[in-house]
Amino acid sequence: MTISDERPTTGLWNDPALPASVRARALLDVMTDAEKIAQLGSTWPDHEGGGDVAPMQDTFRGAESFEEAIVDGLGHLTRVFGTAPLAPEAGRQRLADLQARVVAANRFGIPAIAHEECLTGLNAWQATVYPTPLAWAATFDAGLVHRMAAAIGSDMVAVGVHQGLSPVVDVVRDYRWGRVEETLGEDPYLVSELGLSYVQGLQSAGVVATLKHFAGYSASRAARNHAPAALGRRELADVILMPFEKAVVTGRVRSVMNAYNDIDGVPCGADEALLTHLLRDTWGFEGTVVSDYWAVAFLASMHHVADDVTGAARAALRAGIDIELPHTSGYGEALLNDGVPGDLLDRAALRVLTQKAELGLLDPDWKAGQYTAPADFDSPRNRGIARDLAEQSVVLLDNPSGALPLASPRSIAVIGPAADEARCLFGCYSFPNHVLPHHPETPLGVEAPTVLDAIRQEFPDAGVHHETGCSFTGDDRSGIEAAAAAAAAADLTILVVGDRSGMFGEGTSGEGCDVGALTLPGVQEDLVEAVLDAADRTVLVAVSGRPYAIGRHARTADATVQVFFPGEEGSAAIAGVLSGRINPSGRLPVQIPGDTAGQPGTYLAPPLALKSDGVSNIDPTPAFPFGHGLSYTAFTIGDVRAEAQSIPVDGTVTVRASITNTGPRAGTSVPQLYLTDPVASVTRPVRQLIGFTRVELDAGETRTVQFEVHADLTSFTGRDLRRRVEPGRVVLTVAQSAGDPGQFVEVVLRGDARVVDHTRTMTTAVTILPS
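These lines cover the structure that appears in this document, whether it is placed above or below. On a predicted model such as this, the values are computed, not experimentally measured, just so you know.

## Quick word on the pairing of strand β6 (residues 255-258)
Point 1. Here β6 shows no split at all, with Ser255 and Met257 on one side and Val256 and Asn258 on the other all buried.
Point 2. When strand β5 (residues 208-214) meets β6, the two strands line up parallel, connected through 3 bridges. Its bridge partner lying in β6, Thr210 is registered against Ser255.
Point 3. Taken together, the 3 bridges between β6 and strand β9 (residues 288-290) define a ladder with parallel strand orientation. Paired with Ser255 across the strands is Thr288, a residue of β9.

## Regarding the side chain of Ser737
Point 1. Looking at where Ser737 falls in the secondary structure, it is placed in the loop between β26 (728-735) and β27 (743-750).
Point 2. Take Ser737: its relative accessible area is 6%, and that puts it in the buried class.
Point 3. Non-local contacts of Ser737, meaning those with residues more than four positions away in its chain, are made with Pro625, Phe626, Gly627, His628, Gln672, Tyr674 and Arg687.

## A word on the sheet that holds strand β28 (residues 754-755)
Point 1. Overall, antiparallel pairing links the 3 strands, which are arranged β24-β25-β28 in an open sheet. In this open sheet, the two edge strands, each paired with only one partner strand, are β24 (716-717) and β28.
Point 2. Across 2 bridges, β24 lies against strand β25 (residues 723-725) in antiparallel orientation. When the bridges of β25 are listed, Thr717 appears paired with Arg723.

## Quick notes on the side chain of Asn14
Point 1. By the element assignment, Asn14 lies in the segment before α1 (20-28).
Point 2. Ignoring sequence-local partners within four residues, the contact set of Asn14 consists of Thr9, Arg23, Leu362, Asp363 and Pro364.

## Re the packing of aromatic side chains
Remark: the centre distance and the inter-plane angle together describe each pair of aromatic rings, the angle taken between the planes.
Point 1. The tally for this structure, following the rule as stated, stands at 16 aromatic pairs.
Point 2. For the pair Trp177 and Tyr217, a centre-to-centre distance of 5.1 Å together with 80° between the ring planes defines the contact as edge-to-face. On the criterion of sequence distance, the pair formed by Trp177 in the loop between β4 (163-164) and α7 (188-204) and Tyr217 in the loop between β5 and α8 (233-240) is long-range, its members being 40 residues apart. For the residue pair Trp177 and Tyr217, the accessibility class agrees, reading buried in each case.
Point 3. With 6.2 Å between their ring centres and 85° between their planes, Tyr603 and Tyr674 make a pair best called edge-to-face. Placement of Tyr603 in the loop between α21 (570-579) and β16 (635-642) and of Tyr674 in strand β20 (residues 672-676) is noted, with a sequence separation of 71 residues between them. As far as burial versus exposure is concerned, Tyr603 and Tyr674 are alike and both buried.

## Quick word on the environment of Gly516
Point 1. Among the structural elements, Gly516 can be located in the loop between β13 (492-498) and α19 (524-534).
Point 2. In this structure Gly516 comes out as exposed when scored by relative accessible area, which is 67%.
Point 3. Gly516 sits 104 residues away from Pro620 along the chain, and the two C-alpha atoms are 17 Å apart.

## Some details on the pairing of β27
Point 1. By the bridge criterion, 3 bridges tie strand β17 (residues 646-648) to β27 in an arrangement that is parallel. Paired with Pro648 across the strands is Arg750, a residue of β27.
Point 2. As paired elements, β26 and β27 share 7 bridges and run antiparallel to each other. Each residue of the ladder has a partner; that of Val731, found in β27, is Glu746.

## Digging into the packing of helix α17 (residues 451-458) against α21
Point 1. Two elements in contact, α17 and α21, have axes separated by 8 Å at closest approach and are oriented at 45°. Of the possible angle classes, the one that applies to α17 and α21 is oblique. Here the hand of the crossing between α17 and α21 comes out right-handed. Counted together, Val451, Ala454, Ile455 and Glu458 of α17 and Ser571, Ala572, Ile574, Ala575, Gly576 and Ser579 of α21 form the full contact between these two elements.

## Remarks on the sheet that holds strand β1 (residues 42-43)
Point 1. Taking strand neighbours across the sheet as the criterion, the 7 strands line up as β1-β2-β3-β4-β5-β6-β9 in an open arrangement whose pairing is parallel. The open sheet has two edge strands with one neighbour each: β1 and β9.
Point 2. Here α7 sits on the sheet in contact with β4 and β5, set at roughly 150° to β5.

## Remarks on the environment of Val670
Point 1. Within the secondary structure layout, Val670 lies in the loop between β19 (667-669) and β20.
Point 2. Spatially, the C-alpha atoms of Val670 and Pro770 are 17 Å apart, while their sequence positions differ by 100 residues.
Point 3. Not counting residues within four places of it along the chain, the set of residues in contact with Val670 comprises Phe140, Ser585, Arg587, Thr693, Arg694 and Ala735.

## Section: unusual backbone geometry
Point 1. The peptide bond linking Lys212 to His213 adopts the cis configuration, its omega dihedral lying at -5°.
Point 2. Position of His213 among the secondary structure elements: in strand β5.
Point 3. A positive phi is found at Arg79, a non-glycine position, where the angle reads about 50°.
Point 4. Relative to the helices and strands, Arg79 is located in the loop between β2 (76-78) and α4 (88-104).
Point 5. The phi torsion at Trp294 lies on the positive side, around 65°, for a residue other than glycine.
Point 6. Tracing the sequence through the fold places Trp294 in the loop between β9 and α11 (295-301).

Analysis parameters
Residues numbered from 1 in each chain as written. Predicted model: local features only at pLDDT ≥ 70, side-chain atom pairs only at ≥ 80, totals over all residues. Heavy atoms only, no water. Buried < 20%, exposed > 50% of the residue type's maximum accessible area, 1.4 Å probe, protein only. Helix = DSSP H or I, 4+ residues; strand = E, 2+ residues; numbered from the N terminus. Pairing = 2+ DSSP bridges. Contact = heavy atoms within 4.5 Å. Phe/Tyr/Trp six-rings, centres within 6.5 Å; stacked < 30°, edge-to-face > 60°. Axes fitted to C-alpha atoms, helices over the stretch in contact; angles between N-to-C directions. Parallel < 35°, antiparallel > 145°, perpendicular 65-115°, else oblique. Left-handed = near helix turned anticlockwise from the far one by under 90°.

Right under this line is the structure:
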């Protein structure tokens, strides 16, 4: 095609003084159908489809060239930074050049929305690799997640990126699923609070946040990626949808991505009840719905609910998907020729144009080269936030004899496949693990010391000997004997095992890396047994993307630490916890399963899903419960009281608890408020998290924590599938984990059953009162 030098057509849509909706409508009214359809599509420049960074990429073959894709305009530019190694300035210039061509190719001069992955930071070479979301969740720190997301957003805005494909607010239902590492854990309240913080942080920088994956993706049968979701309507409403609902209603999130799976036979990408009636008509969502990569085509090729990609596009558009990603397959010429209903076309195009107006892309002074790259994508600010997250996320699982913190060991054997591998610190959507495997000649791009490096730095006077022992995968046991010998010869052994994240079977954790059992990958179980038998003192460190059943090893080890992929600052955080320089404060966002616990199963369960003597021989009791985490000091919870013994079914009760540091040093307590509903019209979880906070306490200090609990927090979906607050007795327990008895108060809800909706109170306000 020839790029025109003529000035674009101008009109009311270019007037920034008008509301975005008015500007978008004025532009829509003068566009042809071809121009409208162009706004619903996308293209992935320079991507050849050869590297597995998205599922089933053979779908990419036959995609339009860039010049063909931008005729009449373009909705989205896909992953200019997140496809190949580009330094920040080179990526900024590349994006500006592409945008200039998009603008020149359509008569209104409309640029595209540029989107990138940003789950563990901007997915770009040389950009900070933050901890994986499961590690954020282990901090129980919503404010810190907000800080991280705002920093990510500011880096994106600086180079002209408008939309981030995060956060993942899928609630974990089965630990065997490969994408557990991308989630915020197994509790819908924790997921919703931290997911909301991420949305608000990213959007505070001017970047569109995208909720993933709507909905039920994490509840797939047998934990297989893309498999049908095994969900009842109450579980869907009360567990899966809650984080999405809060981000839409409270966070005003600006984009949502459909899930790949089906629920009860209806693919989410073609589910009008989900994408339109619930999301928009009920919750009031006003942003854009984008397809997960190739999800539109999958309606035909995988779900078989359409004859071809045109039929798939028609079904997706009717359901409520506004933009097809990552490139235009169905939302193109075929859809135009098929005669898409004008109201559906206008509906989607208006949403896209409104979002572009909100982003300033229709402003008369917008220029493709107006953005300036920051001097450093891996700035001291970023690394400081990454360090805080990593340090707060380390979970001390067990320390029965006080082996930790370590006291000046003379010789240390550092053993395990995760000990000297930087990429085992990162999640699958980090640039080093997502893209660099296809560019083996390219350096990591960020400074990320390994655990071995950090231990040598932390203990400079100790003799450190390293043995890998075995790899993450495969059955080669040839290195185990040398590892056991090194452990036997050392004063102390630090055994570092776990995962190396990857994509579609190329890793032991990550997208498409599902497992059938929760034993350590490869022959690491044999390595752990041999080392524990040989060593005098052993600290077991699991660096992983999912919880593994390591309880039996923890019973033998002198101390056990769980770390979910902690990012580029993670090794120093691990070493700092081992030395005592850092007092651990991480808490488990997922249980560590017991030796015989079957899957699926999480702590959020009614009585018969938990241990039931005489009913089943399988004991689902975890080795370490949700919310668990130890410290080098000790905390007690006391004086738990409620201001009222009863409240109306639309009332609020204040619950107070004193938290005391009874140990020898300063530390951080993480009190958690759990709800128990002893008798209800449907089965209810034995315990359900409805509040939490972090409290920093000096040795001997006591602070009072105040929880404001609205009756809405007791609501659930009833037999008529309407959410209700029922009268009766509820138990409110302040505890240090879901398995801690804690201290409780009983409150009676009085009045008639009350139906509530998305306008209900969904958050427990928490205040830490002055000493």
